[in-house]
Amino acid sequence: MVALVRWASSAHIIDVPKLPVVCRCTTWTPAPPYTHHVRYLATHKGLYIDNSSLCYSEQGKGQYKDKKTNKKPVKTAKHEKQEKQEVEIRQLMTVSELAQAMNKDVDDVYEALLNEVDVEPDTVLEDKWIKEAVKKCGMKYRWAKIAETKEKENKDVQRQPPPDPVCLVNRPPVVTIMGHVDHGKTTLLDSLRKSQIVAQEFGGITQHIGAFLVQLPSGEMITFLDTPGHAAFSAMRARGSLVTDLIILVVAADDGVMKQTIESIEHAKKAKVPILVAVNKCDKPQADPQRVKHELLAHDVVCEEFGGDVQAIHISALKGENLLELAEATVTLAEIMELKGDPSGLVEGTIIESKTDKGKGPVTAVIVQRGTVRKGCVLVAGTAWAKVRLLFDANSIAVKEAGPGMPVEIVGWKELPNVGEEILEVESESRAREVVEWRKYVEEQNKLKEDQRVIESKQEEHRESYQKNREKLAHLKWKKRRAVQYQEYKLCIANRPIQSKETKHPSLSLIIKGDVEGSVEAILNILDSYNAEEQCQMEIVYFGVGDISENDVNLAEAFSGEATVLATFDVTVGKKKLPVAGCRVQKGQLDKKMKFRLIRGRNIVWEGSLVALKHHKDDVQSVKTGMECGLSLDNPVEFNVGDEIFCYEETEKLQRISWDPGF
């Protein structure tokens, strides 16, 4: 660069180092040779040189120095180039996660990738798109450090090897009673054990598996499992068939083979256990046992009188007719099967039911298959473990122990295990914790693998969709292509949240509680078949085992929010001043799309809809418990501190839907 310095009498051209400065002479007084007073203006580099303190000397090799300090001028901090913001990134980030990491709006990521890839908030981005978005937003990235984890040693517990035949002893057969609903299964068991189970059942049908040990007059012991015949309890019947030695199929002589009868036959075939047919209700005038046997032929159940190996006993469970003959046939078949068990060694068994008892806590009904369970045994089932505190039989009478083939209720679980889980005994509590920790770790790893598989599948779907979209627009020039993509994106965003009142569907939120896990499972299986979402949307908020608690009620109330006014202020919109209430949600959640009511004392001050609902400065659709918000009403009213605001949903009429739950 060359600086022009003008004197009163002449002009001089001098060489100046290549600095990005603009020079202008501001003094016209002659000066000694080689000394010139000038003012150098600031440039985009931010260098400011004042003529009162700077001199130029040819002896200093053309360098500018401060007169007082004899040093080069220094750039000030405020003029230094600002550092780019650093963003921590990782692999497989979604669009919304990247926006959060950059402290930007999702729209900023959309804009950055507009001409590159078609994305949604939950789109998983490839590494190159993550980097591209960060760069286009004027930031720099660094990869998040991934902690190295060593592969854990397998700490699980396994079943023992087969026992020595010398240790085996005879055990009671485990017999499962199966059949169609209301064909008399529970009445049959009631007659066998002389109790009144039917009177305790809801609606006269078995709600869950009942396990009973019955002693016959001859002294033989039989463990009976009574499974529900209702269509909803298919999973329970399947579990019963897996732990049984043989199945008694109860068929009503006046009703014949029905849907759950056929299902029970399929369970028996799958479990590869023999069947004994009990033709019940033979005392009724319209009974036709022969018709029942002929109908069973169609399902490969061939009775002895037709040349098969299946015994069929005609009974009346209500009157107690031929029950002894049925029991003897059961014992005979069990003897042929030579059922034995090992009462020594560590305990093995299967959970057939689980529940939460008010006084006992988590309780499981178990069929012991090996070993002898006693007080103090440490058991593991799935990701739960127990130190046995109490043992009860089917009549809730405390027992000291239970061996192979015996049903027993176990108390002492730290948390409720799932039905169908295998029970294994371990040597100590510390070993139990170790096993449970390992199993939880395996579950987490399997879930991560499944999540990774889903992510990769979504990535492939987005990649294919993006390629198709690129091919459609390939004939356009880049400016036109970008304009089309931008318009499509804006249209998508504009249409996403809009839902007119005409298309708005009613919704039903459910909280499901049951006495035992099997009942809850059956209900959930029914609800899985729900197919009327277009008429009424259904959401399961919570499900669990136990009595309805205060927490359940509070959870249900979450769908009517409630807030208290903490402060009031006015906001100017155009020429109007709108009153705004600053609130905190006390319980539930406020949902903007619902109706609202303002309560002052015991009086309803206003009812209507919200014009705006904000959290901090953002417009939101809902605000949850404990959060603060600002809201304004469709008909402005004066708020008072302490006012209460409720949201609710109006139900105008009952609506029938097309869903058939199957019963």
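What comes next is a walk through the structure.

The rules behind each value
- Residues numbered from 1 in each chain as written.
- Predicted model: local features only at pLDDT ≥ 70, side-chain atom pairs only at ≥ 80, totals over all residues.
- Heavy atoms only, no water.
- Pairing = 2+ DSSP bridges.
- Helix = DSSP H or I, 4+ residues; strand = E, 2+ residues; numbered from the N terminus.
- Axes fitted to C-alpha atoms, helices over the stretch in contact; angles between N-to-C directions.
- Buried < 20%, exposed > 50% of the residue type's maximum accessible area, 1.4 Å probe, protein only.
- Polar contact = N/O pair within 3.5 Å; in protein donor to acceptor, adjacent residues only side chain to side chain.
- Contact = heavy atoms within 4.5 Å.
- Core = buried A, V, L, I, M, F, W, Y, C linked by side-chain atoms within 4.5 Å.
- Expected span 1.5 Å × (residues − 1).
- Arc of directions from axis to C-beta.
- Patch = residues over 30% accessible without salt bridge, like charges linked within 9 Å, V, L, I, M, F, W, Y side chains within 5 Å.
- Areas by Shrake-Rupley, 256 points an atom, 1.4 Å probe, with all protein chains shown as cover.
- Salt bridge = Lys/Arg side-chain N within 4 Å of Asp/Glu carboxyl O.
- Lys, Arg positive; Asp, Glu negative; His and termini not counted.
- Charge placed at Lys NZ, Arg CZ, Asp CG, Glu CD.

In space, the 6 strands of this closed barrel follow the order β17-β18-β23-β21-β20-β24, with antiparallel pairing throughout. Pairs of neighbouring strands in the sheet enclose a mean axial angle of 50°, with direction left out of account. Pairing geometry for strand β18 (residues 361-370) and strand β23 (residues 407-413), over 5 bridges, is antiparallel. If you follow Ala365 over to β23, its bridge partner there is Glu409.

One can find Thr94 in the loop between β7 (86-89) and α1 (95-101). Taking relative accessible area as the criterion, Thr94 reaches 14% and is therefore assigned buried. Here Ser96 takes part through its side chain, which lies 3.2 Å from a polar atom of the side chain of Thr94. Once you skip the residues sitting within four places of it in the chain, Thr94 turns out to touch Pro121, Asp122, Thr123, Val124 and Leu125.

The topology assignment puts Asn635 in the loop between β35 (628-633) and β36 (644-648). On a C-alpha basis, the gap between Asn635 and Trp606 in space is 8.2 Å, while along the polypeptide they are 29 residues apart.

On to the environment of Ile352, then. Structurally, the position occupied by Ile352 is in strand β17 (residues 348-357). When its relative accessible area of 1% is taken as the criterion, Ile352 is described as buried. Distance from Ile352 to Ile367, taken between C-alpha atoms, is 7.2 Å for residues 15 residues apart in sequence.

Among the nonpolar cores identified, the biggest contains 24 residues, and Ile177, Leu188, Leu192, Phe224, Ile248, Ile315 and Leu326 are the most heavily contacted of them. Contributions of two or more residues to this core are made by β10 (174-179), α4 (185-193), β11 (210-215), β12 (221-226), β13 (246-252), β14 (275-280) and α8 (323-337). No other element matches the 6 residues that α8 contributes to this core. Among the nonpolar cores identified, the runner-up in size contains 20 residues, and Met594, Phe596, Val637 and Ile645 belong to it.

This next bit is on helix α6 (residues 259-271). With 13 residues, α6 extends 19 Å between its outermost C-alpha atoms, agreeing within 8% with the 18 Å of an ideal straight helix rising 1.5 Å per residue. Looking at α6, one finds that the buried residues are Gln260, Thr261, Ser264, Ile265, His267 and Ala268. Angular distribution of buried residues about the axis of α6 spans 160°; they occupy a single face of the element. Away from its buried face, by an angle of more than 90 degrees, α6 presents the exposed residues Lys259 and Lys270. After α6 finishes, the residue Lys272 shows a positive phi value of roughly 55°.

A separate point is a negative patch on the surface. On the surface, Asp105, Asp107, Asp108, Glu111 and Asp618 cluster together to form a negatively charged patch. Sorting elements by how many residues they give to the negative patch places helix α2 (residues 106-112) first, with 3 residues. Summarising the element assignment, Glu111 is placed in helix α2.

What follows concerns the environment of Asn170. With respect to the helices and strands, Asn170 occurs in strand β9 (residues 169-170). In this structure Asn170 comes out as exposed when scored by relative accessible area, which is 63%. Once the C-alpha coordinates of Asn170 and Gly341 are considered, the two residues, 171 residues apart in sequence, prove to be 6.3 Å apart. Apart from the residues within four sequence positions on either side, Asn170 is in contact with Leu339 and Lys340. For Asn170, the side chain forms a polar contact with the side chain of Lys340, separated by 2.7 Å.

Nothing here speaks to function; it is geometry throughout.
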